[in-house]
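Take a look at the letters that make up each chain.
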Amino acid sequence: MRQACLSLMKKLGFNRHYSFLASNLRSSTNPSTLESQILRHSKDGSLSEALSLLNTLNSNASSDLTLKPVLYASLLQTCIKANSFTHGTQLHAHVLKSGLQNDRFVGNSLLSLYFKLSPLFNEARKVFDTLYVKDVISWTSMISGYVKTGEHHKSLQLFFEMVDLGVEPNGFTMSSVIKACSELGDLKLGRCFHGVVINYGFNSNDVIISSLIDMYGRNHAVKDARKLFDELPEPDAVCWTSVISAFTRNDMFKEALEFFYVMHRDCGLTPDGFTFGTLLAACANLGWLRQGKEVHAKVVTSGICGNVVVESSLLDMYGKCGSVKWSRSVFDRMSNKNSVSWSAMLGVYCQNGECETVLNLVRERRVADLYSFGTIIRACSGLAAVRQGKEVHSQYVRKGGWRDVIVESALVDLYAKCGCVDFAQRLFLNMQARNLITWNSMIGGFAQNGRGEEALALFEDMIKERMKPDYITFINVLFACSHTGLVDQGRKYFTSMTKEYGIKPGVEHYNCMIDLLGRAELIEEAENLLENADCRLDQSLWAVLLGACTKCSDYITAERIARKMIEMKPDFHLSYVLLGNIYRTVGRWNDALEIRKLMEDRGVKKMPGKSWVENENQKGSRFDLTKMRIAA
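Residues numbered from 1 in each chain as written. Predicted model: local features only at pLDDT ≥ 70, side-chain atom pairs only at ≥ 80, totals over all residues. Heavy atoms only, no water.

1. Concerning unusual backbone geometry
Then, number 1: In this structure, arginine 466 takes a positive phi of about 60° despite not being glycine.
Then, number 2: Looking at where arginine 466 falls in the secondary structure, it is placed in the loop between helix H28 (452–464) and helix H29 (471–484).
Then, number 3: Its identity as a non-glycine residue notwithstanding, glutamate 521 has a phi of 60°, on the positive side.
Then, number 4: Summarising the element assignment, glutamate 521 is placed in the loop between helix H31 (507–519) and helix H32 (523–531). (Helix = DSSP H or I, 4+ residues; strand = E, 2+ residues; numbered from the N terminus.)

This is the structure we're talking about:
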């Protein structure tokens, strides 16, 4: 406006007054006024206007530099808010040109810019190393940055360097290093930092206490987490959520729900999305559909329905509780469906045995996210559809996916279940990272395909790798012993499961052990083992024992066990069938006819056998995934 006015006056012939008027206009816009305008534009988020005025100010040689550190610090913060890294780097050049890089506020603002917006964290480290003054804010920015990038050892190393230089940590520093301990699983060091928290007087800071509770929960020290929580005079919602999460992480789901009800009803605190997600996970693992619906109702009344993470947790909860229709209802009502929600919905179908629906849904959508590949492959595994599994595998490789431990574990399981054990083993050996699911899949693959000795050898390798076995691992190991006839090894593993690893035997473990002892004709030992089991009333175990009796000469024991099964569950058809077979084997035809008549009188019917065969016509029509497109 000013330039247009001067130009017009010059054209109209006011040459005598031009220089005088121009000088007056320049002097009227003095540096302090420009600086005030820059600060105002910066505060309002008008980055382009602020930078334009900054260039005007820099072009004025007589400008006062006293306010410029505040100017640059403010503009750098505006760049961060506007997510404009390019303008930030231009301001960095202005800072270097103005010689203000040694100012503490400007230096911290530069560090914050590179820390939050730079694609390479090394650039932030370079800025940090060049800072003339490093205060606690500078150190904390770098420490928390290393935690966010997963370099937890470096964050702790930097913390110790900071303390050695005499810089005292603040609350944010302590929260960051405690989180690093949580991620590293270093409980001993975490306890040391707990002492540091008390020493610096941060034990009344709810944010730090919440981090400590989370650290203890992640490292399975639930008693310490609970004790720390109980010592709080007035815990806030974050601390309540942390202790609820600690319970859930350690399979104390009932305690998690009890704490939520106290938090919400008695204390009147409002839960957030993370709290609801944790509660839904607890309900899902307990299989408590009614309580899950109550949490769902609270989600609706709290107005968090649009949260995609909470809604995905709802999908998972209903799926694990066996309510697929409710899961699909939640899914259909979601306004924003992302890869997490799609994967959760596919997982619900897969968990409930509707593997064909998974493949149909993928085919209809014609898109597969990298997150959902593991679920799709598990569906192929459940259908023993190795051809479709290979198609998904090739699509995954073509997309550039590799070294994903979840997907590769699912592939190992697929090929092992479909009889391609050697291919599964080759894939297993080429994996750089293996989790417990990977080991279980390969051990189970060897066991189910008659290669029991290889399964046990792989189990020993797993122990040497310091991988702790779980419930599923011992099912596979005992199954391998049973089908290989390794009685002594089976006894040893069954005992070590409880004594060394604290795993309570379930129906599947007793099933394998009874089958193992029955094959070796150790019927009395198998019966004693079953009589002392917590699950001794399960008819399937007695059916296994009875089946073992039919293969040996001890028909008296077989008859006793069969009659006991009939008393336990009169409508279980297998008891009558096996007892009838025993009578026929020893030539007691009249007794066999009586059992048949008793079965008819009671209305007990044999369950018809079923088999499933995939023919050539079905292959292309039902599970054609060749047209599937992989989402970026």
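2. Re the side chain of asparagine 219
Then, number 1: Topologically, asparagine 219 is positioned in the loop between helix H13 (206–218) and helix H14 (222–230).
Then, number 2: A residue is classified by how much of its surface remains accessible, and asparagine 219, at 13% relative accessible area, is buried.
Then, number 3: A distance of 2.7 Å separates a polar side-chain atom of asparagine 219 from the backbone oxygen of methionine 215.
Then, number 4: What asparagine 219 contacts, discounting residues up to four positions off in sequence, is Cys181, Ser182, Gly185, Asp186 and Leu187. (Buried < 20%, exposed > 50% of the residue type's maximum accessible area, 1.4 Å probe, protein only. Polar contact = N/O pair within 3.5 Å; in protein donor to acceptor, adjacent residues only side chain to side chain. Contact = heavy atoms within 4.5 Å.)

3. Some words on the UniProt feature "repeat: PPR" (unreviewed entry) in the chain
Then, number 1: The positions UniProt marks with the feature "repeat: PPR" (unreviewed entry) are residues 135–169, 236–271 and 435–469.
Then, number 2: The straight-line gap between the two end C-alpha atoms of residues 236–271 is 10 Å; of that span, 75% is helix and 0% is strand.
Then, number 3: Across residues 435–469 one finds 74% helix and 0% strand; the C-alpha atoms that close the span lie 11 Å apart. (UniProt positions renumbered as here; feature names shortened; annotations may be inferred.)

4. Details of helix H30 (residues 487–499)
For an α-helix, the turn length of 3.6 residues means that residues three or four places apart are oriented alike.
Then, number 1: With 13 residues, H30 should cover 18 Å at 1.5 Å per step; its first-to-last C-alpha distance of 19 Å lies within 8% of that length.
Then, number 2: Among the residues of H30, those classed as buried are Val487, Gly490, Tyr493, Phe494, Ser496 and Met497.
Then, number 3: Elements in contact with the buried residues of H30: H28, H29, H31 and H32. (Expected span 1.5 Å × (residues − 1).)

5. Some words on the packing of H29 against H30
Then, number 1: Axis separation between H29 and H30 bottoms out at 9 Å; the angle between their running directions is 165°. Compared by their axis directions, H29 and H30 come out roughly antiparallel. The chirality of how H29 crosses H30 is left-handed. Where H29 approaches H30, its residues Phe474, Val477, Leu478 and Cys481 are matched on the opposing element by Gln489, Gly490, Tyr493, Phe494, Ser496 and Met497.
Then, number 2: Of the residues that constitute the contact of H29 with H30, the class distribution is 7 nonpolar, 3 polar and no charged. (Axes fitted to C-alpha atoms, helices over the stretch in contact; angles between N-to-C directions. Parallel < 35°, antiparallel > 145°, perpendicular 65-115°, else oblique. Left-handed = near helix turned anticlockwise from the far one by under 90°. Nonpolar A, V, L, I, M, F, W, Y, C, P; charged D, E, K, R; others polar.)

6. Focus on the confidence of the model for the chain
Then, number 1: Taken residue by residue, the chain gives an average pLDDT of 81. The fraction at 70 or more is 83%.
Then, number 2: Low pLDDT (under 50) marks residues 8–29, which in the prediction has 12 contacts with non-local residues, meaning those over four places away or in another chain.
Then, number 3: Low confidence marks residues 61–67, where pLDDT is under 50. Its contacts with residues over four positions away, or in another chain, come to 7 contacts. (pLDDT = per-residue confidence, 0-100.)

7. With respect to the environment of glutamate 258
Then, number 1: Along the polypeptide, glutamate 258 turns up in helix H16 (residues 253–266).
Then, number 2: Separated by 14 residues in the primary sequence, glutamate 258 and isoleucine 244 have C-alpha atoms spaced 9.0 Å apart.

8. Observations concerning the pattern of salt bridges
Then, number 1: For the coordinates displayed, the defined rule picks out 22 salt bridges.
Then, number 2: With a closest N to O distance of 3.9 Å, arginine 218 and glutamate 183 form a salt bridge. Separated by 35 residues along the polypeptide, arginine 218 in helix H13 and glutamate 183 in helix H11 (residues 171–184) bring together distant segments of the chain.
Then, number 3: For glutamate 183, a relative accessible area of 38% gives the class partly exposed.
Then, number 4: The residue arginine 328 makes a salt bridge to aspartate 332 at a minimum N-O spacing of 3.0 Å. Of this pair, arginine 328 and aspartate 332 both sit in helix H20 (residues 324–333), 4 residues apart, which is roughly one turn of the helix.
Then, number 5: When its relative accessible area of 27% is taken as the criterion, arginine 328 is described as partly exposed. (Salt bridge = Lys/Arg side-chain N within 4 Å of Asp/Glu carboxyl O.)

9. Quick notes on helix H25 (residues 405–417)
Then, number 1: When the terminal C-alpha atoms of H25 are compared, their 18 Å separation across 13 residues agrees well with the 18 Å that a helix rising 1.5 Å per residue should span.
Then, number 2: For H25, a buried count of 10 out of 13 residues is recorded, marking the element as mostly surrounded by other parts of the structure.
Then, number 3: For H25, the set of buried residues is Val407, Glu408, Ser409, Ala410, Leu411, Val412, Asp413, Leu414, Tyr415 and Ala416.
Then, number 4: Residues of H25 that are buried sit in contact with helix H23 (373–382), helix H24 (386–399), helix H26 (421–430) and helix H27 (436–448).
Then, number 5: At the N-terminal end of H25, a side-chain oxygen is found 3.0 Å from the backbone nitrogen of isoleucine 406, two or three residues along, and the residue is aspartate 404.

10. Examining the packing of aromatic side chains
Then, number 1: Under the definition given, this model contains 23 aromatic pairs.
Then, number 2: Pairing tyrosine 415 with phenylalanine 423 gives two aromatic rings, centres 4.6 Å apart and planes at 75°, and the pair type is edge-to-face.
Then, number 3: Judged by its relative accessible area of 2%, tyrosine 415 falls in the buried class.
Then, number 4: Accessibility expressed as a relative area gives 35% for phenylalanine 423, which makes it partly exposed.
Then, number 5: Through a chain of ring-to-ring contacts, the aromatic side chains of Phe229, Trp240, Phe247 and Phe259 assemble into a single cluster. (Phe/Tyr/Trp six-rings, centres within 6.5 Å; stacked < 30°, edge-to-face > 60°.)

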